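Per-entry structural report
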Amino acid sequence: MSVSPAVPSTHPHPPQRGWYKRNEIAITPWLFLLPAMIFFAVYVIIPIAQSFWISFHEWDGLGEKTWIGMANYERLLGWGDQRMDRKFETSFWNNLRWLVLYLLAIPAGLFIALFLNQTVTGIRFYKSMFFFPFVISQVVVGLVFSWFYLPNDGLFDIITGWFGIDIKGGVLGNPNTATYGIIAAGLWPQTAYCMILYLTGLNAVDPEQVEAARLDGAKGHKMLWYVILPQLKPATFIAFVVTIIGALRSFDLISVMTNGGPFGSTRVLSFFMFEESLSEFGFRMGYGAAIAVVLFCLMLGFIAYFLYSMYRDEKGAR
């Protein structure tokens, strides 16, 4: 039995694929992200690094920088033999007040969202009215509340007068009440924003879980705590982060309503930074950059904590 010789294959070898073709699936998403990453680096990362660098210098914004090391931080925070800057101390404690009281917008927004998450006549009108404060400029909000707080003629003063309450100098003219008056003005649009977040989250709540909980006898606060709120964690996380950032970088309302007064009692870190860096008080860019670095570290600390908490919860759920 004879064996025929092997006939060489006439099919050509498959062409070699290039490096990009072999990694196309992994590379393509990064190509789409690249423009946004470049913009983020140019307008966020690099300015942050520059702020850190400037904070180690004495600089008026125009001339040559003079290296002074940690001197700005020593003066600001009271390190070494120096005492803490009193303006910074006032600004820091005011920021803490903003932070604590601003968080009231989260439960307030949640309860308004629960109230509006119903199918009743005119609910769209009610939703638009509650959302209205968020679309107004912060400057307009500041002006409206400034008129609201006017001594003698303002609506707030008239209402408190009915109950025999007299605030000397008005809400914004009294160092003991001015900060709380501005925070109340800021809570108005911030609560509207949290409400929108929770309304969006409520639309994603699993109705089957709600129905199963009802069959098990859950209702009222138990339904809210054990069934609804766990499904609203993403919305709550965003509300916390946005509210904390908004509280720590509050500037426009203070500038419009009191300009830091009376007697500097309503200063916060962002406004103090503006005063030291760009207002008629100084053009001390290095000192202003040091304030900005402290404010950035505060924001970063809170956001990192919430990110870690969310990561730990997701890891535990797995």
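The sections below set out a description of the structure shown in this document.

Parameters and conventions
- Residues numbered from 1 in each chain as written.
- Predicted model: local features only at pLDDT ≥ 70, side-chain atom pairs only at ≥ 80, totals over all residues.
- Heavy atoms only, no water.
- Helix = DSSP H or I, 4+ residues; strand = E, 2+ residues; numbered from the N terminus.
- Rg over C-alpha atoms; globule rule 2.2 N^0.38 Å.
- Buried < 20%, exposed > 50% of the residue type's maximum accessible area, 1.4 Å probe, protein only.
- Contact = heavy atoms within 4.5 Å.
- Areas by Shrake-Rupley, 256 points an atom, 1.4 Å probe, with all protein chains shown as cover.
- Axes fitted to C-alpha atoms, helices over the stretch in contact; angles between N-to-C directions.
- Parallel < 35°, antiparallel > 145°, perpendicular 65-115°, else oblique.
- Left-handed = near helix turned anticlockwise from the far one by under 90°.
- Nonpolar A, V, L, I, M, F, W, Y, C, P; charged D, E, K, R; others polar.
- Core = buried A, V, L, I, M, F, W, Y, C linked by side-chain atoms within 4.5 Å.
- Salt bridge = Lys/Arg side-chain N within 4 Å of Asp/Glu carboxyl O.

Observations regarding the overall build of the chain
Helix and strand counts for the chain come out as 15 helices and 2 strands. Expected size for 318 residues packed as a compact globule is a radius of gyration near 20 Å; at 28 Å, the chain overshoots this value by more than 25%. Taking the principal axes of the C-alpha coordinates as reference, the chain spans close to 120 × 70 × 35 Å. By residue count, 35% of the 318 residues in the chain fall in the buried class. Restricting to contacts in the chain with at least 6 residues of sequence separation, those with at least 24 account for 64%. On the chain, roughly 20,600 Å² of surface is accessible, and the fraction owed to carbon and sulfur atoms is 66%.

As for the packing of helix H10 (residues 207-215) against helix H11 (residues 221-231)
Contact pair H10 / H11: the axes reach a minimum separation of 11 Å and the direction vectors enclose 170°. In terms of axis orientation, H10 runs roughly antiparallel to H11. Seen from above, H10 lies across H11 with right-handed handedness. Counting all contacts with H10, which are made through Gln209, Val210, Ala213 and Arg214, the residues of H11 involved are Met223, Val227, Ile228 and Gln231. By residue class, the composition of the contact of H10 with H11 is 5 nonpolar, 2 polar and 1 charged.

As for the environment of leucine 300
Locating leucine 300 in the fold gives a position in helix H15 (residues 285-317). Linking leucine 300 and glutamate 24, residues 276 residues apart in sequence, is a C-alpha distance of 35 Å.

Describing the packing of helix H4 (residues 86-102) against helix H9 (residues 178-203)
Closest axis-to-axis distance for the H4/H9 pair is 10 Å, and the angle between their directions is 40°. Between H4 and H9, the angle falls in the class oblique. Judged by the twist between their axes, the crossing of H4 over H9 is right-handed. In this structure, H4 contributes Asn94, Arg97, Trp98, Leu101 and Tyr102 to the contact, and H9 contributes Thr179, Tyr180, Ile182, Ile183, Gly186, Leu187 and Gln190. Residue composition of the contact of H4 with H9, by class: 7 nonpolar, 4 polar and 1 charged.

Let's talk about the nonpolar core
Judged by nonpolar contacts, the single largest core of 62 residues is most densely connected at Leu76, Trp98, Ile182, Tyr198, Ile228, Leu232 and Met257. Ignoring sequence-local partners within four residues, the contact set of isoleucine 228 consists of Leu202, Val205, Val210 and Met223.

A look at the pattern of salt bridges
All told, the structure shown has 3 salt bridges when counted by the stated rule. Note that arginine 214 and glutamate 211 form a salt bridge whose closest N and O atoms lie 3.9 Å from each other. With arginine 214 and glutamate 211 both in helix H10 and 3 residues apart, this pair spans about one turn of that helix. In this structure, glutamate 276 engages arginine 284 in a salt bridge whose closest nitrogen and oxygen atoms are separated by 2.3 Å. Residue classification places arginine 284 among the partly exposed residues on the basis of a relative accessible area of 30%.

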